[in-house]
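Given next are the chains, with one letter for each unit.
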Amino acid sequence: MKNSDVIKNIVSDQLCLGCGACVQVSGHGKVDLKLNTEGFLRPVVINDITESEAKAVLNVCPGIRVGNAEKGADYSDLWGPVISTHVGWSTNPDIRYAASSGGGISAALCYLLSNNVVDCVLHSGVSDNDPLENGYKLSTSVEQIVEHCGSRYSPAAPLMGLMQAIERFDRIAFVGKPCDVVALRKLSEENHVVLEKIKYAISFMCAGTPSMKGTEAVLEAFSLNKNDIKSFNYRGDGWPGMATAITKDNEKHQMSYNESWGKILNKNLQVRCKICNDGTGESADITFADAWHGDETGYPSFEEQDGRSLIIVRTRLGSELLSSAVADGSLHIEPFDKERIEEIQPYQAVRKKLIFSRLLAMKLCFQKTPSYPWGDMLRLSLSAGLKKNIVSFAGMTKRIVKLKLGL
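Overview of the structure. (Residues numbered from 1 in each chain as written. Predicted model: local features only at pLDDT ≥ 70, side-chain atom pairs only at ≥ 80, totals over all residues. Heavy atoms only, no water.)

1. Details of the sheet that holds strand 6 (residues 120-126)
The sheet built from 8 strands is open, its strands ordered 7-6-8-9-13-14-5-15 with mixed pairing. Sheet topology places strand 7 (134-139) and strand 15 (331-335) at the edges, where each strand pairs with a single neighbour. If you compare each strand with its neighbour and ignore which way they point, the axes differ by 30 degrees on average. Here strand 6 runs beside strand 8 (residues 172-176); their pairing, made up of 3 bridges, is parallel. Paired with Cys120 across the strands is Ile172, a residue of strand 8. Packed onto the sheet, helix 8 (residues 178-190) meets strand 8 and strand 9 (198-204) and runs at close to 155 degrees relative to strand 9. Here helix 12 (residues 316-328) sits on the sheet in contact with strand 5 (84-90), strand 9, strand 13 (286-290), strand 14 (309-313) and strand 15, set at roughly 115 degrees to strand 15. (Pairing = 2+ DSSP bridges. Helix = DSSP H or I, 4+ residues; strand = E, 2+ residues; numbered from the N terminus. Axes fitted to C-alpha atoms, helices over the stretch in contact; angles between N-to-C directions. Contact = heavy atoms within 4.5 Å.)

Below, the structure written as structure tokens:
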């Protein structure tokens, strides 16, 4: 057995999240991260890694072992550490309009850079080579933050820029998906330079990573070919904003968020995302999300409105960042009751409550599962009720059987 088989096994067991953490702990040029035929980012082994590198891969991979945040007095089984909760938005109306959910993250990052608190922000943005793909960005100015604001509902791996960032800069803010932040925390344990130079870890709530095939399906609904595209935005320019494709002939095609995400993109999620127990960025210093307004039934309304962010402060650093951004005038916030998070983020709550039933289905079908705190998952599962758990268990079992049969 080769040492690099640990990476190949994570991929074949469908536990890979495509974050690129394994690349960061492998020797130079030994592992790369590329889009596979299914449209997901996956590690590609070029040369065998050493035994110590294989151990490091197992330590940092968020797909196989989840590093739960410390369970202090402010820990919630459903939402993780919660020091305080707020709703807010960028005080710059242009940023508030252009960003995905009121520009909360963008406002915090603009504060950090404009006040010389950090030298660089490592985050994701549109690839320089393909308007449909993502790449990592090392932003050093407010203008660059604004240029790259907005959600990207396709594979992204900001950690692929980590080594370049710590080589060039001393004070770095990192923005990534919850799994990216978990991997970053683990990488900090492997590399003291990462621990020293990453000053802030910022996350956003994530409902899963869609394949590039999801993006292609949106284009198909527009009757467009990917070679026709000059630019593509999943959201922004309003809240929640429209999926917008602009062709090389400057034709604009748009689709509502409810249509693009609700009916196409979320049908193309990678398997590991379906059993994620942290879609809310528990390991971050501060988490941002959509602070949806409820419709007449209480369910989030996706009608176009002025954007606003849900803000969950998780650490002392996160609290200091929020207070400073507000005092600076970059960010406006209002108090929000922690007990109401489930009202405006019901999907995250339901998904976490039903993970136990999905994991149980995987276990009974002899599938590999991540290392989770089973007691916590069971406790949350009981709060969801028997009927929902049975439906969830049956759905996962059906999915596994179809996959094994190649259907």
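2. Observations regarding empty space enclosed by the protein
Overall, the coordinates contain 6 cavities of 30 Å³ or more when judged by the stated rule. Taken as a whole, the largest cavity encloses approximately 120 Å³ of empty space. Around the largest cavity, the lining is made up of 15 residues, and of these Ile10, Cys16, Cys22, Pro43 and Cys61 lie nearest the centre. When contributions to the lining of the largest cavity are tallied by element, the ones reaching two or more residues are helix 1 (5-12) and helix 2 (21-24). Broken down by class, the residue content of the lining of the largest cavity amounts to 12 nonpolar, 3 polar and no charged. (1 Å grid on protein atoms, 1.4 Å probe; cavity = no way out; pocket = protein on both sides within 12 Å on 5 of 7 lines; lining within 4 Å. Points joined across faces, edges and corners; volume = space filled by probe spheres on them. Nonpolar A, V, L, I, M, F, W, Y, C, P; charged D, E, K, R; others polar.)

3. A look at helix 1
Burial in helix 1 covers these residues: Asp5, Val6, Ile7 and Ile10. Contacts from the buried residues of helix 1 go to helix 2, strand 1 (31-35), strand 2 (41-45) and helix 3 (51-60). Phi turns positive, to about 60 degrees, at Gln14, one or two residues after helix 1. (Buried < 20%, exposed > 50% of the residue type's maximum accessible area, 1.4 Å probe, protein only.)

4. As for the nonpolar core
Ranked by internal contacts, the top residues of the largest apolar core, which has 39 residues, are Val57, Leu159, Leu162 and Leu184. The contacts of Leu159, once residues within four sequence positions are left out, are Cys19, Ala21, Gln24, Phe174, Asp180, Ala183, Leu184 and Leu187. Formed by 26 residues, the second largest nonpolar core is a distinct cluster that contains Val87, Ala291, Phe356 and Met396. (Core = buried A, V, L, I, M, F, W, Y, C linked by side-chain atoms within 4.5 Å.)

5. Some thoughts on the state of the cysteines
Applying the stated criterion across every chain yields a total of 0 disulfides. This cysteine, Cys16, is not joined by any disulfide, and Cys22 carries the nearest cysteine sulfur, 6.4 Å off. For Cys16, a relative accessible area of 9% puts it in the buried group. Of all cysteine sulfurs in the structure, the one in Cys149 sits closest to Cys110, which takes part in no disulfide; the separation is 8.7 Å. (Disulfide = S-S within 2.5 Å.)

6. Focus: helix 5 (residues 104-114)
In terms of residue burial, helix 5 counts as a mostly covered element, since 10 of its 11 residues are buried. Immediately downstream of helix 5, the backbone of Asn116 shows phi near 60 degrees, a positive value.

7. Remarks on the pattern of salt bridges
The tally for this structure, following the rule as stated, stands at 17 salt bridges. Of the charged contacts, one joins Arg379 and Asp77 as a salt bridge, the two residues approaching to 2.9 Å between their closest N and O atoms. Pair noted here: Arg379 is in helix 16 (residues 374-384) and Asp77 is in the loop between strand 3 (75-76) and strand 4 (80-81), with a separation of 302 residues, a long-range link. Note on Arg379: relative accessible area 44%, which makes it partly exposed. With a closest N to O distance of 2.8 Å, Glu320 and Arg316 form a salt bridge. On the criterion of helical spacing, the pair formed by Glu320 and Arg316 is a turn pair, its members being 4 residues apart in helix 12. Note on Glu320: relative accessible area 39%, which makes it partly exposed. (Salt bridge = Lys/Arg side-chain N within 4 Å of Asp/Glu carboxyl O.)

8. As for the packing of aromatic side chains
All told, the structure shown has 8 aromatic pairs when counted by the stated rule. Relative to Trp292, the ring of Tyr257 lies with its centre 5.6 Å away and its plane at 35 degrees, an arrangement referred to as tilted. Of the two residues, Tyr257 is situated in helix 11 (residues 257-263) and Trp292 in the loop between strand 13 and strand 14; the sequence distance between them amounts to 35 residues. The two residues Tyr257 and Trp292 agree in class, both being buried. Note on Trp292 and Phe302: the rings are 4.8 Å apart at their centroids and 80 degrees apart in plane angle, and the pair reads as edge-to-face. Taken together, the positions of Trp292 in the loop between strand 13 and strand 14 and Phe302 in the loop between strand 13 and strand 14 put the pair 10 residues apart, joining distant regions of the chain. The buried category is assigned to Trp292, whose relative accessible area is 6%. Within the aromatic cluster, the residues linked to one another by ring pairs are Tyr153, Phe232, Tyr234 and Trp261. We note Arg235 situated over the ring of Tyr257; from NZ or CZ to the ring centre the distance is 4.8 Å. (Phe/Tyr/Trp six-rings, centres within 6.5 Å; stacked < 30°, edge-to-face > 60°. Lys NZ or Arg CZ within 6 Å of the ring centre and 35° of its normal.)

9. What about the side chain of Arg152?
Within the fold, Arg152 resides in the loop between helix 6 (142-147) and helix 7 (162-168). For the buried Arg152, no salt bridge is present, and the opposite-charge side chain at shortest range is Asp130, 7.4 Å distant. Polar contacts involving the side chain of Arg152 include one to the side chain of Asn134, which spans 2.7 Å. In this view, Arg152 contacts Val126, Pro131, Leu132, Glu133, Asn134, Phe232, Asn233 and Tyr234; residues no more than four positions away in its chain are not counted. (Lys, Arg positive; Asp, Glu negative; His and termini not counted. Polar contact = N/O pair within 3.5 Å; in protein donor to acceptor, adjacent residues only side chain to side chain.)

10. Let's talk about the side chain of Lys137
Mapping Lys137 onto the fold places it in strand 7. Overall, the relative accessible area of 8% leaves Lys137 in the buried class. Within polar-contact distance, the side chain of Lys137 engages the backbone oxygen of Val126 at 2.8 Å. The residues touching Lys137, leaving out its near neighbours within four places in the chain, are Val121, Leu122, His123, Ser124, Gly125, Val126, Ser127, Asp128 and His148.

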